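Below, each chain spelled out in residue letters.
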Amino acid sequence: MLALFALLLAGCDAGPAATPVGNAVAAPVSTSYPALTGRVVDGAELLDDQTEARISSQSEALEAATGNQFVTVTVPTLGGQSIEEFGLALGRQWGIGRAEHDDGILLIVAPTERRVRIEVGYGLEKTMTNARAQTIIDDRILPRFGEGRMQDGIVAGTDAIVSVLADKEVAK
């Protein structure tokens, strides 16, 4: 693959740590997290308005059908943190998922550090396993990122996550 995200690695909450790839430069550690402004928080400005609305609608429908909360977040930087640390802290700060079920899920994209991650609450780990999350990243997100189609990769990842959580067959 040719583009920026060709070799991204990611996992889930209890999965293996992502490893650095390429020449990503760590910024100073920052504890500043974006505000939760909706079901899509596009701080890195990777999505157009129509796509944001589509993803938000999918997340809303998923929550109505299953109770599971799903937020897509892009950030301009991880502020020197690993994506695992960032994702855990962000999920806790935002309170994603119902507390009694711990059923929140985040799709996190950090283009500066060339990282992507699916952060899964413990209550969803039987449904969204580490292996499933990695397959979504490897088969749906990264190929599109590798072609320079970041928005398409985020949409494909969102579609696959919603399909898994809604207990539907995931099409390639």
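The structure this text deals with has already been given above.
What you see is a predicted model, and the numbers here were worked out from it, not measured in a lab.

Q: Now, about the side chain of Glu-84: what can you tell me, with residues and values included?
A: Within the fold, Glu-84 resides in helix H2 (residues 83-94). What makes Glu-84 buried here is its relative accessible area of 14%. Within the structure, Glu-84 has its side chain in polar contact with the side chain of Ser-82 (distance 3.3 Å).

Q: Could you give me a rundown of the packing of helix H1 (residues 49-66) against helix H4 (residues 150-165), with the residues and numbers involved?
A: Where H1 contacts H4, the two axes come as close as 11 Å, and the packing angle between them is 10°. With respect to each other, H1 and H4 are oriented roughly parallel. Of the residues in H4, those touching H1 at Thr-51, Arg-54, Ile-55, Gln-58, Leu-62 and Thr-66 are Gln-151, Ile-154, Val-155, Thr-158, Asp-159, Val-162 and Leu-165. In the contact of H1 with H4, the residues fall into six nonpolar, five polar and two charged.

Q: How would you explain the pattern of salt bridges if you had to name every residue and give the values?
A: If the charged atoms of two oppositely charged side chains come close together, the side chains can form a pair. If you walk through the whole model with that rule in mind, you get seven salt bridges. One salt bridge in this structure joins Arg-39 and Glu-63, with 2.6 Å as the shortest N-O distance. With a gap of 24 residues between them, Arg-39 in the segment before strand E1 (40-42) and Glu-63 in helix H1 connect regions that are remote in the sequence. Judged by relative accessible area, which is 26%, Arg-39 ranks as partly exposed. Across the pair Glu-84 and Arg-117 runs a salt bridge, and its minimum N-O distance is 3.8 Å. On the criterion of sequence distance, the pair formed by Glu-84 in helix H2 and Arg-117 in strand E4 (residues 115-120) is long-range, its members being 33 residues apart. Here Arg-117 falls in the buried class, since its relative accessible area comes to 1%. Put simply, Glu-84, Arg-117 and Glu-119 are held in one network by salt bridges that share partners.

Criteria and cut-off values
- Residues numbered from 1 in each chain as written.
- Predicted model: local features only at pLDDT ≥ 70, side-chain atom pairs only at ≥ 80, totals over all residues.
- Heavy atoms only, no water.
- Helix = DSSP H or I, 4+ residues; strand = E, 2+ residues; numbered from the N terminus.
- Buried < 20%, exposed > 50% of the residue type's maximum accessible area, 1.4 Å probe, protein only.
- Polar contact = N/O pair within 3.5 Å; in protein donor to acceptor, adjacent residues only side chain to side chain.
- Axes fitted to C-alpha atoms, helices over the stretch in contact; angles between N-to-C directions.
- Parallel < 35°, antiparallel > 145°, perpendicular 65-115°, else oblique.
- Contact = heavy atoms within 4.5 Å.
- Nonpolar A, V, L, I, M, F, W, Y, C, P; charged D, E, K, R; others polar.
- Salt bridge = Lys/Arg side-chain N within 4 Å of Asp/Glu carboxyl O.

All quantities given are derived from atomic positions and should not be read as evidence of function.
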